[in-house]
Amino acid sequence: MKAIRNRLKWPRPLTIDLSKPAHRWRLLIAAVVFVLFGLAIVAGGVQGYSYTESVGFCGTTCHPMGPQLILYQQSPHAKVACTECHVGAGLQPFVQSKIDGSRQLLGMILNNYSRPIKSPVGNLRPARETCEECHTPTSFKDNITKSIKHYDNDQANTLVQTTLILKLGGMNTATGQGKGIHWHISSEVDYIALDPQRQVMAWVGIKQPDGTLKEFFASDIAGMGQKAFVEDARAKGLIRRMDCIDCHNRAAHYIPYPAEAVDGAITNGLISQDLPFIRKRAVDLLNGKYNTEGDALKAIQNLGDSYKSSGIDQAKIDAAVKALDDIYGNTTFPDMNLDWKTNPNNQKHTPTLGCFRCHDGKHVTTNTDGKTETISVQCNLCHTVPIVSRGTETVVEAPVIVGNVPATHTDFSWTITHQTITAADKNECYQCHGQAFCNNGACHNLQHPTNMAFTHPQEVARVGQQVCFTCHQDITCTRCHPGGVSGLTPKP
Ligand code: HEC
Ligand code: HEC
Ligand code: HEC
Ligand code: HEC
Ligand code: HEC
Ligand code: HEC
Ligand code: HEC
Ligand code: HEC
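Notes on the structure in this doc start here. Everything numeric here is computed off the predicted structure, so don't read it as measured data. (Residues numbered from 1 in each chain as written. Chains lettered and ligands numbered in written order. Predicted model: local features only at pLDDT ≥ 70, side-chain atom pairs only at ≥ 80, totals over all residues. Heavy atoms only, no water.)

The next point concerns the packing of helix H12 (residues 278-287) against helix H13 (residues 293-305). Interhelical geometry of H12 versus H13 gives an angle of 165° and a closest axis separation of 11 Å. Here H12 lies roughly antiparallel to H13, going by the angle between them. The two elements H12 and H13 cross, and the hand of that crossing is right-handed. In this structure, H12 contributes Ile278, Arg281, Ala282 and Leu285 to the contact, and H13 contributes Ala299, Ile300 and Leu303. When the residues that make up the contact of H12 with H13 are grouped by side-chain class, the tally is 6 nonpolar, no polar and 1 charged. (Axes fitted to C-alpha atoms, helices over the stretch in contact; angles between N-to-C directions. Helix = DSSP H or I, 4+ residues; strand = E, 2+ residues; numbered from the N terminus. Parallel < 35°, antiparallel > 145°, perpendicular 65-115°, else oblique. Left-handed = near helix turned anticlockwise from the far one by under 90°. Contact = heavy atoms within 4.5 Å. Nonpolar A, V, L, I, M, F, W, Y, C, P; charged D, E, K, R; others polar.)

Next comes the structure, spelled out in structure tokens:
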């Protein structure tokens, strides 16, 4: 009870001074809270309370949260009530949520809420007390297989299928040790971000088994010898402990990026692959800027009309137009200034930095024997080397994921330089790699000479960008193409 009382000391009746605007606000808010509770009790008794806890109340009564409701209804969490993630169990969070909720209600009445609603949510309850009510850290799986379908920007909209094994990991109950991707939550990983969206990581600290702290600094900061800011941030409470939300920040509210949405629609047969260049044209269209929703829908209709005289079945054209209308409507919310670019998805590294916020090879520490170490960006730290098949190709390959990797492999350039091996060497390779390893659609047929910096535009035209991203991701390309070449990177 004491904790609740402490929380409730706001607003303190004895210190209310109506000549101060801040106090007038508090009184007004308090009045709204009481009226709301009062109405709930009078009108519906207990039912009134539970209505304010329902998905309908959060998502529909509160109009600005409409987009969150639409996205939520399409997510795997569609059956989880808003309050299970946003409020959680217990009396204190319940009371706090009513106070917050009343303030939001007031914002809506006065029409002065922020558009878009800001994310991250400053006072979200710790994930330990919400997400972990359903997902226990000890139940995490070891490895999971992912098959991701993309389509190329060519006339045939060729299928490019990438398969990788994600090293999901989790905590081992017997030893208390964590490994793999979910290692971050079985360990204590703290960080300092320099921006409100937590994209620029200045410092990362990991508590070691012996109680010491292993500290990684962004290399430019480390280079300047500026390290005192950590103590300053600690004193101001700006250090954040990593939890589920630092990666799953779009749980229940994910907006797919245009290429992802179009690829999904082609996979599901909503957009026909028979329409020449439809993948590229649709992605370009959705990436465009429109003054009004009407303009966007008109552009979609024009795209459809341009296929009219091509002899393609009109039903396929109409279906594509409808699919694009739906994608636009479910990913762009102009009155809330919300679309796929608003909030980065931190669970991946495409199209925004996500894991690469820290795993960029640019966060450095000096260990006890004076050696520099970085937070790894090795492609197979988190998943196996992506296996890619294009079009109708068949690639059968069981990726090697256990055992020691030969010393030749530690350098990323091995992916290219191994092309010089002899037939005799190959037998050695087959001790670990299956014979089909070399059929990986991303590698074979690829002309990747050492002067690739000069010849790559032609190579992109020949094999398509999807192939390049198997090995490079946008981080390589954006070094020389700051705006991004893929149409994946949000353009400023
Ligand atoms: C599976 C858990 C979960 C459920 C269910 C859920 N949310 Fe969220 N919500 C989140 C997370 C996680 C965030 C991002 C928090 C952060 O980054 O700090 C968020 C953020 C938000 C935001 C801030 C804006 C934004 O897009 O980030 C709003 C508004 C919101 N949720 C409303 C709702 C409403 C309304 C419902 C029910 C229709 C709901 N949420 C259901 C987990 C959930
Ligand atoms: C009330 C129970 C409940 C709570 C609370 C909850 N989840 Fe879930 N979660 C589920 C269910 C049910 C599924 C769907 C499982 C399935 O499809 O197999 C799911 C699926 C997921 C998935 C896999 C699907 C996806 O979206 O990629 C992730 C990741 C996830 N939850 C993360 C979270 C996070 C992060 C939170 C806290 C913000 C959270 N969950 C809170 C019940 C819950
Ligand atoms: C370092 C980032 C990171 C953190 C922190 C993290 N996760 Fe995950 N989690 C991932 C990734 C990446 C995946 C794989 C997503 C995919 O399938 O594409 C995943 C998958 C999942 C899944 C789906 C598992 C399946 O079998 O498909 C659940 C559920 C989940 N996480 C819950 C949580 C919960 C709960 C927490 C907090 C206790 C958490 N995660 C913390 C990165 C993270
Ligand atoms: C806030 C910074 C940060 C972010 C964001 C982050 N990581 Fe990490 N990760 C770390 C640090 C620090 C280590 C440990 C480095 C060390 O001690 O050498 C680590 C280690 C790992 C490991 C190795 C764990 C083991 O088995 O020992 C994996 C796998 C991993 N991260 C995956 C991911 C994935 C996937 C994402 C994105 C979904 C991600 N990380 C996002 C900081 C981060
Ligand atoms: C810190 C962990 C981590 C590192 C390091 C990492 N990845 Fe990933 N990668 C992920 C996660 C998580 C996903 C998401 C899988 C999913 O979509 O479910 C992913 C997905 C991918 C995909 C599939 C993307 C798509 O949409 O088709 C490719 C290709 C890929 N990674 C390539 C790379 C390459 C190349 C490197 C090295 C430069 C790399 N990755 C390094 C974590 C990592
Ligand atoms: C002792 C076992 C072993 C032998 C022998 C071996 N490899 Fe590997 N190789 C691996 C493992 C393990 C990986 C990482 C696979 C993964 O995570 O998907 C790998 C990855 C690779 C990759 C992808 C590199 C990357 O990470 O980007 C190439 C290319 C490769 N091997 C070529 C070869 C060639 C060519 C030979 C013969 C000269 C060879 N390997 C011999 C175990 C081996
Ligand atoms: C099988 C993996 C793989 C694929 C697929 C691949 N690359 Fe590369 N690429 C590499 C490696 C390894 C290097 C050498 C990088 C290094 O040493 O840092 C490289 C180097 C380059 C460079 C020179 C970068 C520099 O820093 O000078 C460019 C440009 C390039 N690649 C473009 C492309 C393009 C465009 C595609 C698609 C047509 C592509 N690559 C496909 C592995 C790959
Ligand atoms: C070392 C710098 C460098 C890197 C890294 C690089 N490019 Fe380029 N790229 C260039 C230059 C310079 C040109 C212009 C060449 C010309 O006009 O002949 C160019 C031109 C192109 C073009 C044709 C013109 C255009 O902008 O459409 C494509 C496509 C392209 N690059 C794709 C990529 C992709 C994909 C990657 C990443 C895999 C990449 N590039 C990485 C320097 C680079």
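Moving on, we come to the layout of surface pockets. As a volume, the second largest pocket reaches approximately 1,600 Å³. Lining the second largest pocket are 47 residues; nearest its centre among them are Val385, His409, Trp414, His433 and Phe437. Every element with two or more residues in the lining of the second largest pocket is listed here: helix H15 (414-417), helix H16 (423-429) and helix H18 (465-471). Considering each element in turn, the lining of the second largest pocket owes the most residues, 4 residues, to H16. Its residues assigned to classes, the lining of the second largest pocket comprises 22 nonpolar, 19 polar and 6 charged. (1 Å grid on protein atoms, 1.4 Å probe; cavity = no way out; pocket = protein on both sides within 12 Å on 5 of 7 lines; lining within 4 Å. Points joined across faces, edges and corners; volume = space filled by probe spheres on them.)

Another point: the environment of Leu159. The topology assignment puts Leu159 in strand S2 (residues 159-167). Leave out the neighbours within four places in its chain, and Leu159 touches Lys149, His150, Tyr151, Gln273, Ser389, Arg390 and Gly391.

Here we take up the coordination of the iron atom of ligand 6. Listed as protein donors to the iron atom of ligand 6 are His409 (NE2) and His433 (NE2); their distances from the metal cover 1.9 to 2.0 Å. Taken together, the 6 donor atoms surrounding the iron atom of ligand 6 define angles of 86 to 178° at the centre, an arrangement classified as octahedral. On the criterion of sequence distance, the pair formed by His409 in the loop between strand S11 (387-390) and H15 and His433 in the loop between H16 and helix H17 (452-463) is long-range, its members being 24 residues apart. Residue classification places His409 among the partly exposed residues on the basis of a relative accessible area of 24%. Taking relative accessible area as the criterion, His433 reaches 17% and is therefore assigned buried. (Donors = N, O, S within 2.8 Å, 3.2 Å for Na, K, Ca; no water. Tetrahedral: all angles 85-135°; square planar, octahedral: opposite > 155°, others 65-115°. Buried < 20%, exposed > 50% of the residue type's maximum accessible area, 1.4 Å probe, protein only.)

Right, let's talk about the site of ligand 2 for a bit. Ligand 2 sits among Pro76, His77, Val80, Glu84, Cys85, Thr130, Cys131, Cys134, His135, Cys244, Ile245 and His248. Separating a nitrogen atom of ligand 2 from a side-chain N or O atom of His77 is a distance of 2.7 Å. In the model, a nitrogen atom of ligand 2 is placed 2.8 Å from a nitrogen or oxygen of the His135 side chain. (Near = heavy atom within 4 Å. Polar contact = N/O pair within 3.5 Å; in protein donor to acceptor, adjacent residues only side chain to side chain.)

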